[in-house]
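# A structural walkthrough
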Amino acid sequence: MPLLIRIIMIVIGYAFGLIQTGFFYGKITGNDLRKEGSGNTGATNALRTHGIKAALIIFFFDALKAFIPCFAVRMFFKDDAYCFVYLLYTALGVILGNDYPVYLRFQPVQLSADAGIKLGVVILHDYAADKAGVGLGGEDHGLAALLLQPGPELVRQGLAHGL
């Protein structure tokens, strides 16, 4: 698994993670979430200050910014044995870009449920792709299959894929 590909996946994910959907939602609606509630631009602060509609919109687009690059990686590397590893690197990039944006001098923005949400998007995407037949082969080799299988099988497959 080339180091350059892993770095590129992190950079692509980071670029998508830099999109602060709560900030753009505030610009569109005329409400700056950074000046209200906790000061974060995430869905939790939007829920507290603007209600469920704002929170769902921000949550949806936050999940979408993780799904789009992971979907692209999945389609581009669908025949590669390391596809699910590339998905993880991409998701890591999205999380880092969202939580430590370069334009804020890498100061943490929101470290709440983002990591779990974005990693969950990757796992669900990988699981759905395997079940739809666009997986990595005849067997379930994706990240979701690894995480959903118990005990020794998890270890065996993880070692087989270099995790």
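To be clear, the structure that these remarks concern was listed above.
Below is a summary of the structure that appears in this document. Predicted, not measured: the structure shown is a model, and the values here were computed from it. (Residues numbered from 1 in each chain as written. Predicted model: local features only at pLDDT ≥ 70, side-chain atom pairs only at ≥ 80, totals over all residues. Heavy atoms only, no water.)

### Some points on the overall build of the protein chain
How we decide: Only DSSP runs of H or I with at least four residues qualify as helices, and only runs of E with at least two residues qualify as strands; both kinds are numbered from the N terminus onward. Summary of the burial criterion: residues with accessible area below 20% of their type's maximum are buried, those above 50% are exposed, and those between are partly exposed, where the area comes from a 1.4 Å probe applied to protein chains only. Between two residues, a contact is recorded if the distance between any of their heavy atoms is within 4.5 Å. The Shrake-Rupley method, run with a 1.4 Å probe, gives the accessible areas here. Residue values count only the displayed protein chains as cover.
Each helix and strand in the protein chain was counted, giving eight helices and zero strands. Taken from the N to the C terminus, the helices and strands of the protein chain come in the order α-α-α-α-α-α-α-α. Across the 163 residues of the protein chain, 38% fall into the buried class. Excluding contacts between residues fewer than 6 apart, the proportion of contacts in the protein chain whose partners are at least 24 apart in sequence is 57%. Only carbon and sulfur atoms are counted for the fraction: they give 69% of the accessible area of the protein chain, which is about 8,900 Å².

### Section: the packing of helix α3 (residues 43-50) against helix α4 (residues 52-76)
Quick note on the threshold: Angles here are taken between N-to-C directions and fall from 0 to 180 degrees, while the axes themselves are lines fitted to C-alpha atoms, restricted in helices to the stretch in contact. Comment on the angle field: the value is read as roughly parallel under 35 degrees, roughly antiparallel over 145, roughly perpendicular from 65 to 115, and oblique elsewhere. Take the far helix as the reference: if the near one is turned anticlockwise from it by less than a right angle, the crossing is left-handed, and if turned clockwise, right-handed. Any residue outside Ala, Val, Leu, Ile, Met, Phe, Trp, Tyr, Cys, Pro, Asp, Glu, Lys and Arg is labelled polar, Gly included; the first ten of those are nonpolar and the last four are charged.
Orientation of α3 relative to α4, taken along the N-to-C sense of each, is 165°, at an axis distance of 7 Å. When the axes of α3 and α4 are compared, the pair comes out roughly antiparallel. Every pair of crossing elements has a handedness; the one defined by α3 and α4 is right-handed. Between α3, through Ala43, Ala46, Leu47 and His50, and α4, the contact on the second element is made entirely by Ile52, Ala54, Ala55, Ile58 and Phe59. Looking at side-chain class alone, the contact of α3 with α4 contains eight nonpolar, one polar and no charged residues.

### Notes on the packing of aromatic side chains
Our working rule: Put simply, two rings from Phe, Tyr or Trp (the six-membered ring, in Trp's case) pair if the centres are within 6.5 Å, and we call them stacked under 30 degrees between planes, edge-to-face over 60, tilted for the rest.
Counted according to the given criterion, the structure contains five aromatic pairs. A ring pair is formed by Phe67 and Phe71, whose centres lie 5.6 Å apart and whose planes are at 20°; its orientation type is stacked. Placement of both Phe67 and Phe71 in helix α4 is noted, with a separation of four residues, approximately one turn of the helix. In this structure Phe67 comes out as partly exposed when scored by relative accessible area, which is 31%. Note on Phe76 and Phe77: the rings are 4.9 Å apart at their centroids and 85° apart in plane angle, and the pair reads as edge-to-face. For Phe77, a relative accessible area of 11% corresponds to the buried category. Members of the aromatic cluster, each reached through a chain of ring pairs, are Phe76, Phe77 and Tyr86.

### Examining helix α2 (residues 21-29)
Our working definition: Throughout, the arc means the angular range of directions from the helix axis out to the C-beta atoms.
Listed in full, the buried residues belonging to α2 are Thr21, Gly22, Tyr25 and Gly26. Viewed along the axis of α2, the buried residues span an arc of 140°, placing them on a single side of the element. Residues of α2 that are exposed and angled more than 90 degrees away from the buried face: Lys27 and Ile28. The inward-facing, buried residues of α2 abut α4. At the C-terminal side of α2, Gly30 shows a positive phi close to 80°.

### Section: the environment of Lys65
Spelled out, the test is: As used in this structure description, the phrase polar contact means that two N or O atoms lie within 3.5 Å; if the pair is within protein, one of them must be able to donate a hydrogen and the other to accept it, and residues adjacent in sequence are counted only when both atoms belong to side chains.
Secondary-structure assignment places Lys65 in helix α4. C-alpha of Lys65 to C-alpha of Gln20: the two residues are 45 residues apart in sequence and 9.5 Å apart in space. Engagement of the side chain of Lys65 in a polar contact is seen with the side chain of Asn98, the distance being 2.5 Å.

### So, α3
The complete set of buried residues in α3 reads Ala43, Asn45 and Ala46. Each buried residue of α3 sits inside an arc of 155° when the element is viewed along its axis, so together they form one side. Turning to α3, the residues buried within the fold contact α4. Count one or two residues on from α3 and you reach Gly51, which has phi positive near 100°.

### A few points about the state of the cysteines
Spelled out, the test is: Here, two cysteine sulfur atoms that lie within 2.5 Å of each other are counted as a disulfide.
This structure, assessed with the given rule, holds zero disulfides. There is no disulfide at Cys70, and the cysteine sulfur nearest it, in Cys83, is 9.6 Å away. Since its relative accessible area comes to 1%, Cys70 is described here as buried. Cys83 sits in the buried class, given a relative accessible area of 0%.

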